[in-house]
Structures are given as structure tokens and as C-alpha cells.
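Tertiary structure, described
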Number of protein chains: 2
Amino acid sequence: MKMLINSPETVVADALRGMAAAHPELSVDVANRVIARRDAPVAGKVALVSGGGSGHEPLHGGFVGPGMLDAACPGEVFTSPVPDQMVRAASAVDSGAGVLFVVKNYTGDVLNFEMAAELAEDEGIQAVSVLVDDDVAVTDSTFTAGRRGTGATLFVEKIAGAAAEEGAPLERVAALARQVNEASRSFGVALGAVTTPAKGGPTFDLPAGELELGIGIHGEPGRERREMMTAAQIAEVAVDAVLADLGAAGDPVLLLVNGMGATPLLELYGFGGEVARVLAERRVTVARTLVGNYVTSLDMAGCSVTLCRADEELLRLWDAPVRTAGLRWGC
Amino acid sequence: MKMLINSPETVVADALRGMAAAHPELSVDVANRVIARRDAPVAGKVALVSGGGSGHEPLHGGFVGPGMLDAACPGEVFTSPVPDQMVRAASAVDSGAGVLFVVKNYTGDVLNFEMAAELAEDEGIQAVSVLVDDDVAVTDSTFTAGRRGTGATLFVEKIAGAAAEEGAPLERVAALARQVNEASRSFGVALGAVTTPAKGGPTFDLPAGELELGIGIHGEPGRERREMMTAAQIAEVAVDAVLADLGAAGDPVLLLVNGMGATPLLELYGFGGEVARVLAERRVTVARTLVGNYVTSLDMAGCSVTLCRADEELLRLWDAPVRTAGLRWGC
């Protein structure tokens, strides 16, 4: 498998150098692997820090900026960052108002962020963690006890980030982040396997003519393999899996139609139209829609659907200005 | 090859339905295949209309909105839209101040936009066409007499769109579009072939361990096949091909590090870092950098580099607010 890289060992450092060159508004510490807002710490503001294995870009580094994250810690590909990295990020962006760690539910991330929170407290930084575990496909998985954290991470980081930008205190920002996670569910589908630089080939085998329903963002097994389906059929399976868990009634939803990385935007929009159709048939009102590659899995072909039930306040915070490399509006 | 589609015949219509669902700020005519600003025609404003074969998303439909295009006409995958479509788009968005057609240099597009300009004039719409032909890889190609139009299309649409938004007259908007095209050069590289829905498999054969230098955005042949290279080496070839034609001295450049569709953002940023390094070594000053999948070729793996020499005025227009699905800042 060919890749646009120098070597598997330098992939993350090379990408960070590229981010530094492209985004003068970010402060990129290549050696210590921290991407931060250049204007951090922002006086009086709660800081949001996230991180995880690389390979899901623009998540998380592409979500650093006003209205979203203050810093991100990228690990090696599909590998948790280390506690030192997280503490360094927290120290760099904490204004004294405290830090919220946004943690996707994978065992390595959870353990390392726990340790980081303790170390941060030792340094006098108030740190609170919020776990994202929105993926309804499976409970427990290759790298996870409980549900995996996937697309809802974007909703959590955006909405909690908006609240922090407005000056909400740590307790309130954390409560909002938990509310968003609890109101969100995701389901993913793979049409083609993912290739990691270290392996140099597909990390799992997906035969021609089959897809995997319920795939994880590291290629972890989902619910089942099936013969290839149409976009309309996939949309029905994904939406119904999400609604079976979220419930069909409630507030209007934020909808993320997410590409896994290698699926063309043309196909993703076609799929998004089918998702919108199914949601209308299920009498779910969509308040906002985002279509694109946001929580990816390197070169995996496929997609995921995330819904978040949003009351007036969540909707207002979703619409609030955001200025990052990967998500940008209103400013 | 598996695709997230309903059928090859409905790919474009399905995608348009998805765009309509996701973007209430756009007016999407699925039957006639026109994507327009919902607030068009904007009184007194020159309208920008572009279009071309589908499969290059977000180009062009994703660039419709304030500060960029007023309308886009998507053709079938890798197939020119028809003149009727273009005239319909022009009629929908013309305020009386005239229409600029932005045309990528492919034979079908050129002929059809020429006919559309004549038909539009018959309807009393003043229409001027500007040709984009920035790809230095080859002169004449599978679908092209002269150079192909690729990444510079984004610069032309953004900068001319900003001038139109400010109220510049048609003559000035067209002159700026030509200036941007003349100041821009591109070079693309494929690591993997592109799959079209109609064919259902790769449209060309790229052996394991080889890449194609100078690839076109429809998979048209480039300059040569070579054994796989590092990102650093590819950056040198691409930048030097561009500079050999553009000249090494002059204004600072706008830099587009563009993904062809299936190359992960992590790799694209790493490549972007190498492009920045080579430009610095060649003493070229980079004023602005954009990294991402903007002028794509469905699921092709690979990248392209576009440079545009930008004087103060072009830079100001580049920085001006834009609000589209694919490009958004400042508003």
C-alpha cells in the first residue's frame, strides 16, 4: 500500500510540521506534540483539552481554535497520547479557570487522561474529565470497555467549547459536555479496510462485495458483515440503530454525516440525502446538518451517522462562532 | 469496487438531494442540476457561474455562496454539464450586472460554455468566460487542448467572487479572474487510481510500488511513472515543476496543498510541511496556505500543489469573507 509519507516513524511529527506551516494562528510544539491556540491561555476562560491517537484528522488538532479546543495532544497513529503530553497541554492553556479533558472511551486514552488529571491537580490545575461513548454498534470492543467514542466528540468539543468561550465556569462546561454525550449516538459502516503506516497494509480483511456494519474508527469489528448494500439501505440500518438506542421522540437533532476518509464527498452527500429521508420517515426533525470527513480513520472507505438531541441552548451553542482548521463559521 | 451509492445512474441526483437537505442556504434544483445561492440574484452584483463534471467535490457546488460562486452546474461524473444547464444557472442568478463563466480547460466544458454564452446573450444576459488552465504537467491531454484546469479554479473563484461581492463591474471581475489564472500553476501526483461509478473499477492501472507524476483530475496520464517516492521527494518534484513554469521570483504566493480524495489528512499535512520546506529553500515566500481536499478526483489517492502569485490586492480579496459549504471564513 502506497502512502504519501516519508517513513512510518515520522508520520506524526511530519504532519505537525505541516500544521505549523499552514496555520500561523496555532502554536504547534512538534517535539512535545501539543497543538494549542496561539492566544492561550485566554484570561478567565475554561480551557478544553482533547487528544487521542492520530489518524482521525481533522479530529482533534483541526478543532483547536476560538470556540472549540484550546489544545490537542496527538498520539502515534491509533495510539493514545501519554500523560506528560496532556499535562503539558493543560499547563500551556490553563488560565486558572480550570481545564476540561474531553476523552474518547478507549482504554489507553481513559487511563492516560486519568493519570494526567492527577498530575495536573498536583501542579495546581483544576482538571475535570468527560468521557465520550456514543457508538451504539457494540458494547466493549478491541480497545474499549463500554461503548466507543466516535462522532459525538465533535459535538461535545464544539458545544462545550462555545460555552467556555462565553465564559461559563468549569462545572457548567463539564455538565454541558456530559449532556451532549448523553444526547448523542453514532453508528459507522466500513466499505473498505484501513491501512496504517506501521503495518503498511490493511489492518483487517473486508472481502469484495461485503461491508461491515458497526465498524469502529480504528477498524475494530462491528456487528456483522453483510453483502454490499445500497446507500439507501445503509442509511436505514445506521439511522435505525441510532434511534433504537436514542429513542425516536425528543428534541430536534444535530446530524453529522461523517466520512471515514476515503469515501468521495459526492457519495457522502448522496448518503446524507438518504439519511435525511429516513429521519423524515421516522418523524425526527433535523435542526442542523454537517456533511464531510471530520472523525476519520485514515484511508478507510465508509461513513458514520451521529445524532445529537439538541434543546434551544445546545442549538445556540452549536451555532456560536468557531474558528479552527477543520470547522469554521460565524467569525 | 464498493461504493456508497444507490446506482451509478443516480449518483449525481442523489448527491444534489443530499446537498439540498444539508444546506438550506442553497437553492438546489435537482431536476435541472443547478446549485445557486438562495438570495440570488443579488441586486447590482456580477454573478459568477461555474460547473464541470461531477467527482471533484467540493468543487464547484461546494463553492456556491456569498463571496464566491452564485451558481454551479454539475455534469455527470467526469462529464461536462450541458449548455441549457449553464444558461438556466445564469438566468437564475443574473441581476442585470452580467455573468462570469469560470471554465476549466477541458474540451467539453469549453465548447458547452461557449454555446451557453451565446444562448445567454440571446436572452439579454451579458456573459463573459474565463478559462482556467493552470496544470503544468502536460500540454494537451486526454480531454484537453492546451493545459488542463485544476487547483487554480479555487483561487479564481474565490478572488473573482470576492471582487464581485464588493460590487466590481463585470470587466474588472473578469480581468481579476484572468490575472489569477495567469499567476497560478499546478502539478498533481497519483498514488492510486480513481474509480468511477459507471466503470465500477479503477479507470487506469497503477502498479504497486509506482506513482504517476503529473496526473490529471480525471486520471489522465501525466508525465511519467516512477518507483514510489517519499513525501519529501514528491514535494520537490511538484514544487520544481510549478516554479520552472511560474518563475522563482515575484510576489508572495498563495499555496494550495490539495488532496485528490482518498489521501488521509494526516498524510496531506505531512506533505504540506515538505512543500513549505522546499518553497523556503527556493526562497519563495508563502503568504497563505490551504491544506485539504478541495479539487478532488473521487477516490483517487494523491495530491497536487497549486501556487498563485498574489499582489496586495489579490491577497486582500483572498482574505475577504466567504461563506460556502466547502470554504468559509470571515463571516
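Treat the numbers as computed from the prediction; the structure is a model and nothing was measured.

1. Describing the interface of chain A and chain B
Of the residues lining the interface, 56 residues belong to chain A; the matching set on chain B comes to 56 residues. Across the interface of chain A and chain B, roughly 4,100 Å² is buried in total on both sides, 66% from carbon and sulfur atoms. Considering only the surface of chain A that becomes buried against chain B, Lys2(A), Leu4(A) and Leu266(A) emerge as the three largest contributors, covering 23% of it. Run the count over chain A and chain B and you get zero salt bridges. At the surface where chain A touches chain B, the tally comes to 18 residue pairs in polar contact (both at pLDDT 80 or more). Sorting elements by how many residues they give to the side of chain A that touches chain B places helix H7 (residues 265–281) of chain A first, with 11 residues. Partitioned by chemical class, the residues of the side of chain A that touches chain B number 33 nonpolar, 14 polar and nine charged.

2. Quick notes on the relation of the copies chain A and chain B
Note on the copies: chain A fits chain B at an RMSD of 0.0 Å, the axial shift is 0.0 Å, and the rotation between them is 180°. Overall, the copies show the geometry of a two-fold rotation axis. Measuring from the rotation axis to each C-alpha of chain A, the shortest distance belongs to Ala262(A), at 2.0 Å. An overlap of 100% is found between the interface residues of chain A and their copies at the interface of chain B, pointing to a shared contact surface.

3. Quick word on the nonpolar core
Judged by nonpolar contacts, the single largest core of 210 residues is most densely connected at Leu100(A), Phe271(A), Leu100(B) and Phe271(B). Setting aside chain neighbours within four positions, we find Leu100(B) in contact with Ala47(B), Leu48(B), Val49(B), Val128(B), Val130(B), Ala160(B), Leu170(B), Val173(B), Ala174(B) and Ala177(B). Ranked by size, the runner-up nonpolar core spans 22 residues in total, among them Val34(A), Val49(A), Val103(A) and Phe113(A).

4. Here's the deal with a negative patch on the surface
All names here are of chain A. On the surface, a cluster of negative charge is made up of Glu114, Glu118, Glu121, Asp122 and Glu123. By the element assignment, Glu118 lies in helix H3 (residues 107–122). In this structure Glu118 comes out as exposed when scored by relative accessible area, which is 53%.

5. Observations regarding the pairing of strand E7 (residues 184–192) of chain A
All names here are of chain A. The buried fraction of E7 amounts to nine of the nine residues, a majority that puts the element mostly inside the structure. Looking at chain direction, E7 and strand E12 (residues 301–309) are connected through eight bridges and run antiparallel. Looking at the pairing, Arg185 lines up with Leu307 of E12. Pairing of E7 with strand E8 (residues 210–213) involves two bridges; the strand directions are antiparallel.

6. Concerning the domain arrangement of chain A
Residue and element names in this part refer to chain A. Looking at the assigned domains, one finds that chain A contains domain 1 (8–182 + 319–325) and domain 2 (184–312). Using C-alpha coordinates to define each centre, domain 1 is positioned 23 Å away from domain 2. Between domain 1 and domain 2 lies a buried interface of about 2,700 Å² when both sides are counted; carbon and sulfur atoms form 61% of it. A per-residue breakdown of the area domain 1 buries against domain 2 is headed by Phe78, Val136 and Phe155, which together make up 22% of the total. If you look at where domain 1 meets domain 2, you find two salt bridges. Note that Asp319 and Arg288 form a salt bridge whose closest N and O atoms lie 2.6 Å from each other. Where domain 1 touches domain 2, the interface holds 19 residue pairs in polar contact (both at pLDDT 80 or more). When grouped by side-chain class, the residues that make up the side of domain 1 that touches domain 2 number 17 nonpolar, nine polar and eight charged.

Cut-off values and rules
- Residues numbered from 1 in each chain as written.
- Chains lettered and ligands numbered in written order.
- Predicted model: local features only at pLDDT ≥ 70, side-chain atom pairs only at ≥ 80, totals over all residues.
- Heavy atoms only, no water.
- Contact = heavy atoms within 4.5 Å.
- Buried area = accessible area lost by both parts, 1.4 Å probe.
- Salt bridge = Lys/Arg side-chain N within 4 Å of Asp/Glu carboxyl O.
- Polar contact = N/O pair within 3.5 Å; in protein donor to acceptor, adjacent residues only side chain to side chain.
- Helix = DSSP H or I, 4+ residues; strand = E, 2+ residues; numbered from the N terminus.
- Nonpolar A, V, L, I, M, F, W, Y, C, P; charged D, E, K, R; others polar.
- Least-squares fit on C-alpha atoms with pLDDT ≥ 70 in both.
- Core = buried A, V, L, I, M, F, W, Y, C linked by side-chain atoms within 4.5 Å.
- Buried < 20%, exposed > 50% of the residue type's maximum accessible area, 1.4 Å probe, protein only.
- Patch = residues over 30% accessible without salt bridge, like charges linked within 9 Å, V, L, I, M, F, W, Y side chains within 5 Å.
- Areas by Shrake-Rupley, 256 points an atom, 1.4 Å probe, with all protein chains shown as cover.
- Lys, Arg positive; Asp, Glu negative; His and termini not counted.
- Charge placed at Lys NZ, Arg CZ, Asp CG, Glu CD.
- Pairing = 2+ DSSP bridges.
- Domains from an automatic or database assignment.

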